[in-house]
Amino acid sequence: MPPPPAPAAAEFPSSEQAKTPRQTKAPAPSALGVADLGIVALFLGLAFLLGIFPLNDTDFWWHLRTGDLIRQDGKVPRTDWYTFGASDHAWIDLHWGFQVAISWLYQMGGVDATNVAKCVVTTCAVAFLLLARRKSWPIWVMALSWIPALLLLGGRMYVRPETLTLLYLSIDLAVLFRIETRPRLAWVLPIVQVFWVNTQGLFAFGPIVLTMALIDAALRPGAFSTERRGWWRTILAATFATGFACLLNPYGLFGALFPLQLVGTMGNPVFRRIMELQPILDFVKDVGFDSLPLQIHFVTLILGALSFLIPLSWRVMVRFEDFRKKEPEPTRKRKKPSKALEEPGWRLSPFRLMLYSLFSYLSFQATRNSHQFAAVVGTVTAWNFGEWAAAIAYRRGKQMTTRNSRLGLLPRLAVMATLVATIGLVGSGQFYVWANEGRQVGWGEKPLWYPHEATKFAGSPGMPERFLVFHNGHAGLFEYDNGPKQKVHADARLEVMGPEVYGADAELGAIISSGQAGWSDRVMALGSPVPGALVDHVQPAMAGLAASYLANSSWRCVWYDPIASVYLHESTNPRFPKVDFAARHFGLDPGSDPKGAAALSASAKGLMLHAMSLTGGRSRPDLSPAMILLGLGHGRRALALDPQSASSWKSLGLLETLRDPAGQSEPIARFRKPFDPLFDLPQIRTTYNLLQADRLARDEFMTLIGLFKTFALREMNEAAAPIADRLIASVTTREQERYVTSLAPLIGRVKATMMRPLSTSWSNLGELEQTVARLLNDGYAQSAADLLEKAYAPAVRTWEQTDRIATLRLHLGQTAAARSLWKEAVNVPRPAVRDARMAVTYLVEGDFESARGLYEAALKREPDLFEAAYGLAVLEQDAGRADPALAAALVAVKTGSTDVARSAASQIAEFVRPYTSAARESIRKSGREAL
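For the structure given in this document, a descriptive report is provided here. (Residues numbered from 1 in each chain as written. Predicted model: local features only at pLDDT ≥ 70, side-chain atom pairs only at ≥ 80, totals over all residues. Heavy atoms only, no water.)

On to the overall build of the chain. The helix and strand tally for the chain stands at 41 helices and five strands. Seen along its three principal axes, the alpha-carbon backbone of the chain occupies a region of about 110 × 80 × 45 Å. The 931 residues of the chain split such that 54% are buried. Accessible surface for the chain amounts to roughly 40600 Å². Of this, 60% is attributable to carbon and sulfur atoms. Placing the 98 positive and 83 negative side-chain charges of the chain at their respective mean positions leaves the two points 10 Å apart. (Helix = DSSP H or I, 4+ residues; strand = E, 2+ residues; numbered from the N terminus. Buried < 20%, exposed > 50% of the residue type's maximum accessible area, 1.4 Å probe, protein only. Areas by Shrake-Rupley, 256 points an atom, 1.4 Å probe, with all protein chains shown as cover. Lys, Arg positive; Asp, Glu negative; His and termini not counted. Charge placed at Lys NZ, Arg CZ, Asp CG, Glu CD.)

Structural data, given as C-alpha cells:
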C-alpha cells in the first residue's frame, strides 16, 4: 500500500509536525554539497558585484552633511536647516541613524568606505533571503529563480537609507519564515524595528509584513487550538513590542506616524514629474518598453506569478490523478520521509500571496519601489519554486543514490555556469551597456558627476547667501559644502519641501529654461539678496537654464567648468569677473582648463548644448562663437588623448553645424557647385566628424540626426536615405519619436527622390554628362563620383574633372580620397589652388600642422588667393593663435571678391583682435598710464 497522503507544506508547519521528532539525515554526497556551496558563493558574489559602482546618488551629500552636524552638535533637526524656500517647515529626520553611520564611515575611509558598507549590507540582506528555506528545497532552484530579481535589485544599490530597509526587511522575512517552529525568534523583530525606525521612513513595512504572517497563521486549520495558545502568547507579545518600538525615535508619536505623511507626499501629482516617483505605466507611455531594467521588472513580476500558477496547476493535476486511481498501483515499500529530508507537499500560502500582491502593487506606483519589490518578489518566487521542486522529488520517491547524485550535479553545474556568465556580463560592464544606464564597475565617485569645484566656488566670501540649484544632486552637494550658512531654494527632501515649495521651484526652473519674458524679475521677487544660480551641464534638458542666464545682460557667468556654471545678478558683489570664453580659447585663462580626455569631452558637450540653445531657442547667435570655438578646441584636445571617443567626435560635428554663415534650414545642393570654403567648410567638417562618431558608436540617435540633416539639407539623398532608415529604427523614446516625426517632410522628400529609377549606363561622353547630371540632380553624389572616376583615367583627367570628383568626395566626408585625387592630378593650372584644396582635407581631419603648411605654401605661390588666406584664418582661429589668425584674416579681407567673402573674413579679424599680443600690450600700457 502507498503511504497516506502527506499534509500540505508551508513555511509554517502544523503543530503536530512541529512536535514530530527529527530523524537523522544520511550525509549528502559531498559533490552535491560542494556544488550547493558554490552556488551560494557565486550568487552572493554577484550581489556584491552589482553594488560595486562609483557613487552617483543625488541624496548622498545632504545625508552626509546632516550626519556631520548631528555628530557635531548632538541633536537631530526639528525644522529645515538647508533651504530658504522651506525654512519654517518641520523636518522629521528618521534617517538620522543612517546619516551618523555614513558620517563616521566617510571620516574613516571616504566614499569608498560607504560604498563597501553598502555592498556588504546588501549582500547580507540577500543571504538572509536566499537561505530562508527548508533543507529539502534545492538551493539551485531557488538561486535560479532569484536571478532576475537580483539584477533588478542591483539597479538601486545606492548609499541610501533604503539599503538598510532592505536589510531589515530581509531579517524580518527570515524570522517570519521560522517562527512557527521557533516562536521565540519573534523577539528579534522589535529589536530590528528600533533600528529601522531610526534609519528610514519605510519602517512601516515591518509591522505590515508581521501582520500578514499572523493572518496566514490564523487561517490554518486548528490555528486557535489549546496547544497553540503558548505560541500565540509569544507571538502577540513580540507583535506588541514591535509596534511599541515604532515610538522609540526622537520624534515619538510624530515619528511613528511619519509613514502616513510620506504616503501623502509621494502620492501628490506634483512629485510624479520626478522619474523615480513616476508610476511604471506612465513611464512606459513616455519612454516605451525598450528599457532593459523595465523588461527585467516585468520578467520578475511574471516569474513571481508563475511561481504560484505552475505549482498550483501541478497540485490540481496530482489530486485529479490520485482521484482517478481506483486502486493504488503497486509500489515498493519505502520509509516515511523525514521532515528534515523532504517537504511533504506544496501549499498556496496566503502569506506569500499577500507579499507578492502588496509589493507588486507598490512597484507600479513608483519606479523607485523596484528595490523592495525585487527583494520580496524574488524571495516569494524562490520559496514557491523551491517548495514545488521538493514536492516533485518527494512524490517521485527519489532516493539519494549514486546515480541520482550524478544527475543532481547537472542542474547545479548549469546554475553555476549561469551565475558565472552573469558575473562576467556585470563585471565587464556589458550588462550596463545593454541596460543603457551609463554605469560602470568601480569605486569612488562617478567621474564628472558632482560639481565640487563649482559648489566650493559658490561658497566663496562675498557670494550670495541664497542660491537656486535646479539639480537635486547638486543642491545636496551645495548643502554639504556650504550649508546651513548658505541656503538653496529647494532640494531633494520632498517630505520637507512639500508640493507647494517643490512645485514653485520646478515652475521657476521651467520659466527660466524656456527663456520666458520676465523670468529675471521672478527670480528677483524671491527677495534680497538676489539668489545666485548653480546650473548643471550634465543633463541636456538643463541647457536652456544656462542659455537664459548667458543671454540676459543682468546676469553674468562667473564660473564655468565641464559639470556646472555659476551665475550672479548684477547687484551682487562685482569683484567676481565674468567668464570670457574667447580668452579661455586663446589660452589667456589657463586656470580654468579641463584636465584629461573625459573632462575635455564633457566640456565640449556642455559648450555644444549651450551654444545650440543660444543660437536656436534664445536667438542669440552673437553670443555663441566663443563657446563654439572653445568647445571645438576642447573636443580636439580630447581626441588627441582618446581618438576613439565617439562623444568627442559627435560634439565636434554638432558644433560645426552652428558655424554655417547662411544658417541653412532649407535644402541647398551645395555639392553640385564648385567648392567654396565660406559655405562648404562647416558642412564638410560636420559630415566628417559625425561619420567618425557613427563609426565608433553605431545608431546613436543625435549622431544620426546630425548626419541625416547635413546630407539632406545638401540634397545628398543617396547618402541621407540609409541614415533616415537607421534613424527611424533607433527611436527608443517618445521624445525621439516626436523629433523624428518633425523631420517627416524632409525624410519624405529624400525617400521620394530615391524611388526614381537609377541608370548609370552611357556610350559616349555626351551621354556620360547627361547621366552624371541626372545622378547629381537626384542627389546621387556617391554614384556620380564613382562613375566619373571610372570614366576618366587619372592620366587623362582635366583639372576641372579631378576637382569635380574630389569635391564630391569631400562632401561625402571622404577626405583621404579627395586629397589623393588632388595630389595625383596632372596639368594643374594653379598649384596654389591645389595646395589650398589639399589643406582643406587636413583641416577637416584636424591635422592643423599639415593644413597650415599647405596653406602657407599656397599663399607663397599666390599671395592674393582668398581661399588659402581665409582657410588659414579659420585654422589659426580654431587653433587658438590670435596673432596669425588676425594676419591671415586681414589678407582675406583684402583679397575677397564678394561682400560676403570680405564680411566673413572681417568677422574673424574683429573676433580675434582683442586677444592678440598687440591688444594685450595696449591694455597693459593703458593700465600703467592710469596708475
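We are not done yet, so read on.
Here we come to the packing of aromatic side chains. Counted according to the given criterion, the structure contains 35 aromatic pairs. Judged by centre distance (5.0 Å) and plane angle (35°), the ring pair of phenylalanine 177 and tryptophan 383 falls under tilted. You can see phenylalanine 177 sitting in helix α6 (residues 161-178) and its partner tryptophan 383 sitting in helix α15 (residues 370-396), a full 206 residues away along the chain. By the burial criterion, phenylalanine 177 is buried, and tryptophan 383 matches it. Measuring from ring centre to ring centre gives 5.8 Å for phenylalanine 457 and phenylalanine 576, while their planes differ by 80°; the resulting arrangement is edge-to-face. With phenylalanine 457 in helix α18 (residues 452-458) and phenylalanine 576 in the loop between β5 (564-569) and α23 (581-585), this pair connects stretches of sequence that are 119 residues apart. The buried category is assigned to phenylalanine 457, whose relative accessible area is 18%. What makes phenylalanine 576 buried here is its relative accessible area of 5%. An aromatic cluster is defined as three or more aromatic residues linked by ring pairs; in this entry it consists of Phe60, Trp61, Tyr106, Tyr450 and Tyr480. (Phe/Tyr/Trp six-rings, centres within 6.5 Å; stacked < 30°, edge-to-face > 60°.)

With that settled, the discussion passes to the sheet that holds strand β1 (residues 466-469). Strand pairing in a sheet relies on backbone hydrogen bonds. The paired strands run either parallel or antiparallel. The strand order β2-β1-β3-β5-β4 describes an open sheet built from five strands, whose pairing is mixed. Taken across any chain shown, the strands that pair with only one partner, and hence form the sheet edges, are β2 (487-488) and β4 (555-560). As judged from the four bridges shared by strand β3 (residues 532-536) and β5, these two strands associate in the antiparallel manner. Bridge assignment links leucine 534 to a residue of β5, and that residue is valine 566. Seen against the sheet, helix α22 (residues 543-551) touches β1, β3, β4 and β5 and runs at an angle of roughly 140° to β3. (Pairing = 2+ DSSP bridges. Contact = heavy atoms within 4.5 Å. Axes fitted to C-alpha atoms, helices over the stretch in contact; angles between N-to-C directions.)

This next bit is on unusual backbone geometry. Cis geometry marks the peptide bond from glycine 483 to proline 484; its omega dihedral reads 0°. The residue glutamate 715 is not glycine, and still its phi comes out positive at about 60°. Looking at the secondary structure, you find glutamate 715 in the loop between α28 (701-712) and α29 (717-729).

Now for the packing of helix α5 (residues 139-154) against helix α13 (residues 292-324). At their nearest, the axes of α5 and α13 sit 9 Å apart, and the two run at 145° to each other. Seen from above, α5 lies across α13 with left-handed handedness. Contacts between α5 and α13 involve Ser145, Pro148, Ala149, Leu151 and Leu152 on the former and, on the latter, Pro293, Ile296, His297, Val299, Thr300 and Leu303. Here the residues of the contact of α5 with α13 are counted per class, giving eight nonpolar, three polar and no charged. (Left-handed = near helix turned anticlockwise from the far one by under 90°. Nonpolar A, V, L, I, M, F, W, Y, C, P; charged D, E, K, R; others polar.)

Applying the stated criterion across every chain yields a total of zero disulfides. Cysteine 119 takes part in no disulfide bond, and the closest cysteine sulfur, belonging to cysteine 124, lies 11 Å away. (Disulfide = S-S within 2.5 Å.)

Within the secondary structure, arginine 714 is located in the loop between α28 and α29. The charged side chain of arginine 714 is buried without a salt bridge, its nearest counter-charge being aspartate 680 at 6.8 Å. A polar contact of 2.8 Å, which involves the side chain of arginine 714, links it to the backbone oxygen of threonine 710. Within the structure, the side chain of arginine 714 is placed 3.1 Å from the side chain of histidine 811, a separation counted as a polar contact. (Salt bridge = Lys/Arg side-chain N within 4 Å of Asp/Glu carboxyl O. Polar contact = N/O pair within 3.5 Å; in protein donor to acceptor, adjacent residues only side chain to side chain.)

Moving on: a nonpolar patch on the surface. Side chains of Phe240, Phe244, Leu247, Leu248, Leu253, Leu257 and Leu260 sit close together on the surface and give an oily, nonpolar patch of about 740 Å² of accessible area. Note that phenylalanine 240 resides in helix α9 (residues 229-245). Using a relative accessible area of 64% as the deciding quantity, one classes phenylalanine 240 as exposed. (Patch = residues over 30% accessible without salt bridge, like charges linked within 9 Å, V, L, I, M, F, W, Y side chains within 5 Å.)

A few words on the pattern of salt bridges. The final tally for this structure, using the stated rule, is 37 salt bridges. Between arginine 412 and aspartate 36 there is a salt bridge, with the nearest N and O atoms lying 2.7 Å from each other. Placement of the pair is arginine 412 in helix α16 (residues 402-428) and aspartate 36 in helix α2 (residues 30-50), with a sequence separation of 376 residues. Of the residues examined, arginine 412 reaches a relative accessible area of 12% and is grouped as buried.

A word on the packing of helix α36 (residues 831-845) against helix α37 (residues 848-861). Pairs of packed helices are described in terms of their axes, by the angle between the two and the distance that separates them. Their axes nearest at 8 Å, the elements α36 and α37 cross at an angle of 165°. The orientation of α36 with respect to α37, classified from their angle, is roughly antiparallel. Viewed along their axes, α36 and α37 form a crossing whose handedness is left-handed. Contact residues: Pro831, Ala832, Asp835, Ala836, Met838, Ala839, Val840, Tyr842 and Leu843 in α36; Phe848, Ser850, Ala851, Leu854, Tyr855, Ala857, Ala858 and Arg861 in α37. (Parallel < 35°, antiparallel > 145°, perpendicular 65-115°, else oblique.)

The element β3 is extensively covered by neighbouring structure, given that five of its five residues are classed as buried. Residues Gly532, Leu534 and Asp536 point to one face of β3 and Ala533 and Val535 to the other, with burial holding for every one of them. Where β1 meets β3, three bridges bridge the pair, whose relative direction is parallel. Following the sheet pairing, valine 469 is matched in β3 by leucine 534.

Here we come to α2. End to end, α2 covers 30 Å across 21 residues, agreeing with the expected 30 Å (1.5 Å per residue, within 8%). Of the residues making up α2, those classed as buried are Leu32, Ala35, Gly38, Ile39, Val40, Phe43, Leu44, Leu46, Ala47, Leu49 and Leu50. (Expected span 1.5 Å × (residues − 1).)

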